[in-house]
Amino acid sequence: MEPALISPASATLAGIPAKIFFILIPLAGVGIFAWIIWRRIAPLLKAAPDNRLQRIPERIRAVLKIWLGQWRHPRYMLAGVLHIVLFFGFLILGARSTQLVVLGFVDGFTLPGFGGIFGVVYNVLKDYAGTAVFISVAILAIRRGAFTPARYAVPDKYGKDHTPEALFVLGLIATLLITESLFEASLMAAQALKGQHAELAPPLTLVWLFRHLLGTASIGALQGLHLAAYTIHDLTFFFFLCFLPLGKHFHVITSLFNVFFMRLDRGNVKPVRHGVDESKLDELKSFGVKTFEDFTWKHMLDFYSCVDCGRCSDRCPANRVKRPLSPRFISIKARDYAFAHYPLLGPAAGEAQALIGGIYSEDEIWSCTTCGACEEECPVAIEYIDKMVDLRRGMVDDGLVPQSLQKPLSALEKRGNPWGKMEKKRADWVAGAGADCPVKLFEKGAAAETLYFVDSITSYDDRMQKIAQATARILCAAGVDFGILGKDEKDSGHEVRRFGEEMLFQSLKEQNTEAIRAAEVKRIVVSDPHAYNALKKDYAGLPPVEHISEVIVAGIRSGKLRLKPGENGSRTYVYHDPCYLGRHNALYDAPRQAIDTIPGIRRVEMTGDCRDRSFCCGGGGLMLFYEPEEEQRMGVVRVQMAKNAGAGVIVTACPFCLVNIEDAIKVAGLEGKMEAIDLCELIDRHLQRDT
Ligand code: SF4
Ligand code: SF4
């Protein structure tokens, strides 16, 4: 039977077989696309190495969960759901687009396996998928154009608004969907007009709508529409393909790879240079990232993969308090740099340029608290902490260390603590632990099964020593045979490393490792999450490390620790998740369980800002010595969140959180109305002691 309409592969244009054009369009499209990708790969070939080919099964699981499962998208519900519709719509429509391209030069082409019942089912599915994507595109366009969420805003200092590009791409997607539907609907209408068997358009789809609108059109009009729709679809498809790597929509291509190669561990920091052993760091001529080419290839891939969704900056505490840092623009500025310095045509632009003072400012990079909120949120698994640390390593190597940090760093080098206090005073807090809680000192040759690693602030700061004393009393009550290193303990170096002073960190690590090994303990207990993270993630070859909250829960379960009813029944408690206990180590439940075991205690959550969405208190360690420009203190924002949750007492489990939050309570004018307490102090106060 004669077809109802002349197909693209059989049509002629000005006497020339149209199939010639429909072969040339894909050839040109694929050729230009391959060229652009090759040019985009150019900086990656010059980048620093990074081994991301280990732990393949975990990487495949990450792809299935984060890329295919779109796991992180619903954290922002409306945008997330719309993106999920778009994503799955694209996956489904991909086969149809491929088929359409070949239909331009092979009449009646169907993809292998799409001929029988599967093909019929697929056609219905793709029509509904296309319609769902079209509706999502319309909602996204209205949202982007008329009700733009604040997180998409581009401050003047970061360049032009990205809305036109977003709307343009939504327009391209809509064009693809409309032309595909018109191509099909015009054929159905012509078949019906000629009394031939016509496939049914699935009800309420775009094809169905167009089929009805075209019900009265002439064969000539339908023929013109059929070929015009095909041609526009073909041209738009290949234009879109080549447009993707030119901007933020590059993520459509790179996100799969970016997730596959993602960082699998939390809390750790990348080595100074992959493939160079820590013992050989002395041999390196330069440390850290100073020019774009010093980034690893994975970090460059991150820049290409940024969706520009603004989620990282929306959750970034530094951005929230108006420090000069917005993680989204760390990526976008680097991507713009790559596009400008590695153009599509011509050679790469000249000498590598310094990033600090070029696209980034010193303050911008020092503003990061390494809290990890950005990484937790990013739907395509982009990394920031390693980049910040690498940029800081570069600054430290060039002597660009803020004035206020120079003294504490030098004190750490000389005395092993940032205040430069005498080593012999490190164990002075022990005297306040109480007569019935003797604390053994390994420095004096004592032996014990467990080491309590105290770290600097808890050892030396008058207020924080109370945490050490409470921790010791809890350990005593739980019957733990423990001791401390005393003067042999040095700062864990956790923040030193994250501030880019790698060699100083290595020295502190070596001294601590030696002292810990000499103590011959079977396990280590810590109350400071920064020390916990350092010993667990930055050190190697140590006995198992536990946080005191885990010891408390185990003690309660075994019956060794018994808690009495709350002293102040009228107060409401809220738990603040320290970044290095929660996000970086997933220890969310033990502290909550410990608090909830106190009979009669009332605890609320800072819903939406707790657990892996906790808001950094202002940063630990050396952040105490560095005050970036900011409009508000992070701690004040956190205290307000606690107040809004209806809490009168903020419980935390980190000495730095306690410093920042206690300070913020004063700044917020909430003294007397709000109180902060460490978990160990709270448990210690409620310990049922046998008299
Ligand atoms: S780690 Fe925290 S402070 Fe640093 S960029 Fe990410 S969210 Fe912001
Ligand atoms: S880094 Fe991730 S979260 Fe931030 S804007 Fe880019 S894609 Fe979004």
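A.B. asks: Could you clarify how one ought to interpret the sheet that holds strand β11 (residues 675-678) in this entry?
C.D. replies: Think of a sheet as strands paired side by side through backbone hydrogen bonds, with each pair either parallel or antiparallel. Taken together, the 4 strands give an open sheet; going across it, the order is β9-β8-β10-β11, and neighbouring strands pair in parallel fashion. Either end of the sheet is taken by a strand with one partner, and the two such strands are β9 (602-604) and β11. Put simply, the sheet's adjacent strands are angled 35 degrees from each other on average, direction ignored. Two elements, strand β8 (residues 572-575) and strand β10 (residues 649-652), share 3 bridges in a ladder whose sense is parallel. Its bridge partner being in β10, Val 574 is matched across the sheet by Ile 650.

A.B. asks: Help me understand the sheet that holds strand β4 (residues 450-453) in this model?
C.D. replies: Overall, parallel pairing links the 5 strands, which are arranged β3-β5-β4-β6-β7 in an open sheet. Where the open sheet ends on each side, the last strands, each with one partner, are β3 (440-441) and β7 (545-547). Alignment of β4 against strand β6 (residues 523-526), held across 4 bridges, turns out to be parallel. Bridge pairing in β6 places Thr 450 opposite Arg 523.

A.B. asks: How do you make sense of the domain arrangement of the protein chain when you look at a structure like this?
C.D. replies: Many analyses report the size of an interface as the accessible area lost when the parts associate. One can read the domain layout of the protein chain as domain 1 (52-246), domain 2 (293-345 + 354-397), domain 3 (414-558) and domain 4 (572-685). If you average the C-alpha positions of domain 3 and of domain 4, the two centres end up 22 Å apart. Each side of the interface is counted separately: domain 3 has 26 residues, and domain 4 has 26 residues. Secondary structure elements with two or more residues in the side of domain 3 that touches domain 4: α17 (456-460), α18 (465-477), α19 (494-498), α21 (529-538) and α22 (548-558). Its residues assigned to classes, the side of domain 3 that touches domain 4 comprises 13 nonpolar, 8 polar and 5 charged.

A.B. asks: I tried to follow the nonpolar core on my own but got confused; where do I start?
C.D. replies: Within soluble globular proteins, side chains that are nonpolar tend to cluster in buried spots. Counting 126 residues, the largest nonpolar core has Leu 451, Tyr 452, Ile 524, Val 526 and Ile 661 as the members making the most contacts within it. Counting residues in each nonpolar core, the second largest holds 37 residues, with Ala 4, Ala 79, Leu 177 and Leu 206 among its members.

A.B. asks: Before we go on, may I ask you to explain the packing of helix α3 (residues 77-103) against helix α4 (residues 117-146) in this structure?
C.D. replies: Packed helices, taken two at a time, are described by the angle their axes make and the gap between the axes. At a closest axis distance of 8 Å, the pairing of α3 and α4 adopts a crossing angle of 140 degrees. Between α3 and α4, the angle is such that the two are oblique. Here α3 and α4 pass one another in a crossing that is left-handed. Touching Leu 82, Val 85, Leu 86, Gly 89, Ile 92, Leu 93 and Arg 96 of α3 are Leu 125, Lys 126, Ala 129, Gly 130, Ala 132, Val 133, Ser 136, Ile 139 and Leu 140, all from α4. For the contact of α3 with α4, the residue count by class is 11 nonpolar, 3 polar and 2 charged.

A.B. asks: When you look at the site of ligand 2 in this model, what are you seeing that I'm missing?
C.D. replies: In the neighbourhood of ligand 2, 14 residues make up the surrounding shell, with Cys 306, Val 307, Cys 309, Cys 312 and Cys 378 lying closest. For the shell around ligand 2, the leading source of residues is helix α12 (residues 327-341), giving 3 residues. Class assignment of the residues belonging to the shell around ligand 2 gives a composition of 8 nonpolar, 2 polar and 4 charged.

A.B. asks: Looking at this structure, how should I read the site of ligand 1?
C.D. replies: Residues in contact with ligand 1 amount to 14 residues; listed here are only the nearest, Cys 316, Cys 368, Cys 371, Ala 373 and Cys 374. Residue composition of the shell around ligand 1, by class: 11 nonpolar, 3 polar and no charged.

A.B. asks: What should I look at first to understand the packing of helix α2 (residues 56-68) against helix α8 (residues 251-260) in this one?
C.D. replies: Put simply, α2 and α8 touch, their axes get as near as 8 Å, and they point 135 degrees apart. As summarised for this structure, α2 and α8 are arranged oblique, according to the angle between their axes. Crossing of α2 against α8: the hand is right-handed. Each of Arg 59, Ala 62, Val 63, Ile 66 and Trp 67 in α2 lies in contact with α8, whose residues at this interface are Ser 255, Leu 256, Val 259 and Phe 260.

A.B. asks: I would appreciate a short explanation of the environment of Asp 428 in the present structure.
C.D. replies: You can see Asp 428 is positioned in the loop between α16 (403-415) and β3. For the pair Asp 428 and Ile 359, spaced 69 residues apart in sequence, the C-alpha separation works out to 47 Å.

A.B. asks: Looking at this model, I keep getting lost on unusual backbone geometry. Mind explaining?
C.D. replies: Even without a glycine there, the phi angle at Ala 381 is positive, about 60 degrees. Within the secondary structure layout, Ala 381 lies in the loop between α14 (373-377) and α15 (385-397). Judged by local crowding, Ala 381 falls into the buried class, with 21 C-beta atoms found within 10 Å. The phi dihedral of Asp 455 falls on the positive side, at around 70 degrees, and the residue is not glycine. One can find Asp 455 in the loop between β4 and α17. The exposure class assigned to Asp 455 is buried, which follows from the 29 C-beta atoms found within 10 Å.

A.B. asks: What's the story with helix α25 (residues 655-667) in this structure? I'm lost.
C.D. replies: At 3.6 residues per turn, the α-helix brings residues three or four places apart onto the same side. Compared with an ideal rise of 1.5 Å per residue, which puts 13 residues at 18 Å, α25 spans 18 Å between its outermost C-alpha atoms and is within 8% of the ideal. All of the buried residues along α25 are Pro 655, Phe 656, Cys 657, Leu 658, Val 659, Asn 660, Ile 661, Ala 664 and Ile 665. Of the surrounding elements, those touching the buried residues of α25 are α17, α18, α21, α24 (634-644), β10 and β11. Following α25 by one or two positions, Gly 669 has its phi on the positive side, about 70 degrees.

A.B. asks: Is there a simple way to think about the pairing of β8 in this case?
C.D. replies: Looking along a regular strand, one sees side chains alternate from face to face of the sheet. Bridge analysis of β8 against β9 gives 3 bridges, and the strand direction is parallel. By the bridge assignment, Tyr 573 is partnered in β9 with Arg 603. Regarding the hand of the β-α-β motif, the stretch spanning β8, helix α23 (residues 589-596) and β9 is right-handed.

Basis of the calculations
Residues numbered from 1 in each chain as written. Chains lettered and ligands numbered in written order. Predicted model: local features only at pLDDT ≥ 70, side-chain atom pairs only at ≥ 80, totals over all residues. Pairing = 2+ DSSP bridges. Helix = DSSP H or I, 4+ residues; strand = E, 2+ residues; numbered from the N terminus. Axes fitted to C-alpha atoms, helices over the stretch in contact; angles between N-to-C directions. Domains from an automatic or database assignment. Contact = placed C-beta atoms within 7 Å. Nonpolar A, V, L, I, M, F, W, Y, C, P; charged D, E, K, R; others polar. Core = buried A, V, L, I, M, F, W, Y, C linked by C-beta atoms within 7 Å. Buried ≥ 20, exposed ≤ 12 C-beta atoms within 10 Å, placed from the backbone. Parallel < 35°, antiparallel > 145°, perpendicular 65-115°, else oblique. Left-handed = near helix turned anticlockwise from the far one by under 90°. Near = placed C-beta within 6 Å. Expected span 1.5 Å × (residues − 1). Right-handed = clockwise from strand over helix to strand, strands pointing away.

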